[in-house]
Amino acid sequence: MKGKKFMAFMAMAAVTVGLMTGCGGSGSGGSNSSSSAAGGSAAGTASEGGTAQTVSTDGSTSMEKVIGFLSEAYMEENGDVKVTYNPTGSSAGIQAVSEGRCDIGLSSRDLKDEEKTDLDETVVAIDGIGIIVHPDNAVSDLTIEQVGKIYTGEIKNWKELGGEDAPIVCIGREAASGTRDGFEEITGTADKCKYAQELTSTGDVVQTVSGNPNAIGYASVASVNDSVKALSIEGVAPDTETIQNGKYKIQRNFVLVTKKDTALSEAAQAFFDFATSSEADDLITQAGAVPIKR
């Protein structure tokens, strides 16, 4: 998906979000069955003065790029459908679909047991988070515990890990970053990290680490290039296969959340089916996530 088209979509989405109240759609969530039933959510009804149908999504800010790429591609092929996105956070999105304020909730965590009583979850993609260092760094493997201790300041020098006698420089994302949320949740470092720099994009993190032999950072695996070295975690290197089979541990699911026993509108069901099909795999990869194993 071309960058200019994506930026245009996100600009449109921002306007849409700004005009929305709650989830921005009047329809209820629905089941993730492959066939839609009559009486689906009201969000798929015709818009004022036209025939466009709206599919409303609400939730995880970490899924912004994934839902953006999927929505843009779907709308390009289905001009009578408008897919909206309200970036409220995973828990808010789960609540929104539970209360019938949107068609599909977006969550960057699995549902809790109590949430599964009324809701269904479908993993649409996996977010693999790579731990990166400068290519000249002698360290090649860490445990999740060691990564956590590095970022909380308990481990301060690379020599403690078999590297050079040099201070560790921790690079991370800004407080609003979904990647940061995922990293800190998995490593148990939420509100404990001691960052030397907090940067506003994955590209900035990769570039900064590539220019500092003592730096460590984290970034979506799909964004890691040869300018940095991705560390193995507990003996497992991050790649599509190890993320898909769960052997690489610094990862989390991107989930579509729907309401049990309630049919999606025809438009919402069609978008759901597209997003969870193999047709969406390349788009998910372009968005920086890993497609599920099929």
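Residues numbered from 1 in each chain as written. Predicted model: local features only at pLDDT ≥ 70, side-chain atom pairs only at ≥ 80, totals over all residues. Heavy atoms only, no water.

Draft legend 1. Summary view of the overall build of the protein chain. Tallying secondary structure elements over the protein chain gives nine helices and 11 strands in all. Split into buried and exposed, the 294 residues of the protein chain put 51% on the buried side. The long-range share in the protein chain, meaning contacts at least 24 apart out of those at least 6 apart in sequence, stands at 75%. Carbon and sulfur atoms make up 46% of the accessible area of the protein chain, which amounts to about 13,000 Å² in all. (Helix = DSSP H or I, 4+ residues; strand = E, 2+ residues; numbered from the N terminus. Buried < 20%, exposed > 50% of the residue type's maximum accessible area, 1.4 Å probe, protein only. Contact = heavy atoms within 4.5 Å. Areas by Shrake-Rupley, 256 points an atom, 1.4 Å probe, with all protein chains shown as cover.)

Draft legend 2. Spotlight on the packing of aromatic side chains. Under the counting rule described, the total for this entry stands at seven aromatic pairs. On the basis of an interplanar angle of 65° and a centroid distance of 4.8 Å, the ring pair of Y151 and F183 is categorised as edge-to-face. A residue pair is termed long-range when its members are at least 10 positions apart, and Y151 in helix α4 (residues 144-152) and F183 in helix α5 (residues 178-187) qualify at 32 residues. For the ring pair Y151 and Y218, a centre distance of 5.8 Å and an interplane angle of 55° mean the geometry is tilted. Of this pair, Y151 sits in helix α4 while Y218 sits in strand β8 (residues 215-220), and the two are 67 residues apart along the sequence. For the pair Y151 and Y218, a shared accessibility class is recorded, and that class is buried. Pairwise contacts between aromatic rings join Y151, F183, Y195 and Y218 into one cluster. (Phe/Tyr/Trp six-rings, centres within 6.5 Å; stacked < 30°, edge-to-face > 60°.)

Draft legend 3. Main features of the confidence of the model for the protein chain. The predicted model of the protein chain averages 86 in pLDDT, with 83% of residues at 70 or higher. Within the model, the stretch residues 1-49 combines pLDDT values under 50 with 113 contacts to residues more than four positions away or in other chains. (pLDDT = per-residue confidence, 0-100.)

Draft legend 4. Spatial organisation of the nonpolar core. Core analysis: the largest hydrophobic core is formed by 30 residues, its most contacted members being V55, L70, I104, V124, L256 and F271. The leading source of residues in this core is helix α2 (residues 64-77), at seven residues. Sequence-distant contacts of L256, defined by excluding residues within four places in its chain, comprise M63, I104, G105, L106, D120, E121, T122, V124, F272, A275 and T276. Ranked by size, the runner-up nonpolar core spans 29 residues in total, among them I150, W158, Y195 and I233. (Core = buried A, V, L, I, M, F, W, Y, C linked by side-chain atoms within 4.5 Å.)

Draft legend 5. The arrangement of the pairing of strand β1 (residues 53-59) in detail. In terms of burial, β1 is largely enclosed, as six of its seven residues are buried. Here β1 runs beside strand β2 (residues 81-86); their pairing, made up of six bridges, is parallel. From the neighbouring strand, S56 faces β2, where its bridge partner is T84. As a crossover connection, the stretch from β1 through α2 into β2 is right-handed. Relative to strand β3 (residues 104-107), β1 is paired through three bridges, and the arrangement is parallel. Paired with G59 across the strands is L106, a residue of β3. (Pairing = 2+ DSSP bridges. Right-handed = clockwise from strand over helix to strand, strands pointing away.)

Draft legend 6. Molecular detail of the side chain of D58. Relative to the elements of secondary structure, D58 occurs in strand β1. Buried and unpaired, D58 has R101 as its nearest opposite-charge partner, separated by 5.0 Å. Among the polar contacts listed, one links the side chain of D58 to the side chain of T88, at a separation of 2.5 Å. (Lys, Arg positive; Asp, Glu negative; His and termini not counted. Salt bridge = Lys/Arg side-chain N within 4 Å of Asp/Glu carboxyl O. Polar contact = N/O pair within 3.5 Å; in protein donor to acceptor, adjacent residues only side chain to side chain.)

Draft legend 7. Fine view of helix α3 (residues 90-98). Looking only at α3, the buried set comprises S90, G93, I94, A96 and V97. Looking down the long axis of α3, one finds its buried residues gathered within 160° of arc, a one-sided arrangement. Its buried side turned inward, α3 meets β1, β3, β4 (119-133) and β11 (251-259). Looking one or two residues beyond α3, the residue adopting positive phi is G100, at roughly 75°. (Arc of directions from axis to C-beta.)

Draft legend 8. Focus on α5. With seven of 10 residues buried, α5 lies mostly within the body of the structure. A side-chain oxygen of the first residue of α5 lies 3.1 Å from the backbone nitrogen of T179; this N-cap is S177. Of the residues one or two after α5, G188 is the one with positive phi, at around 70°.

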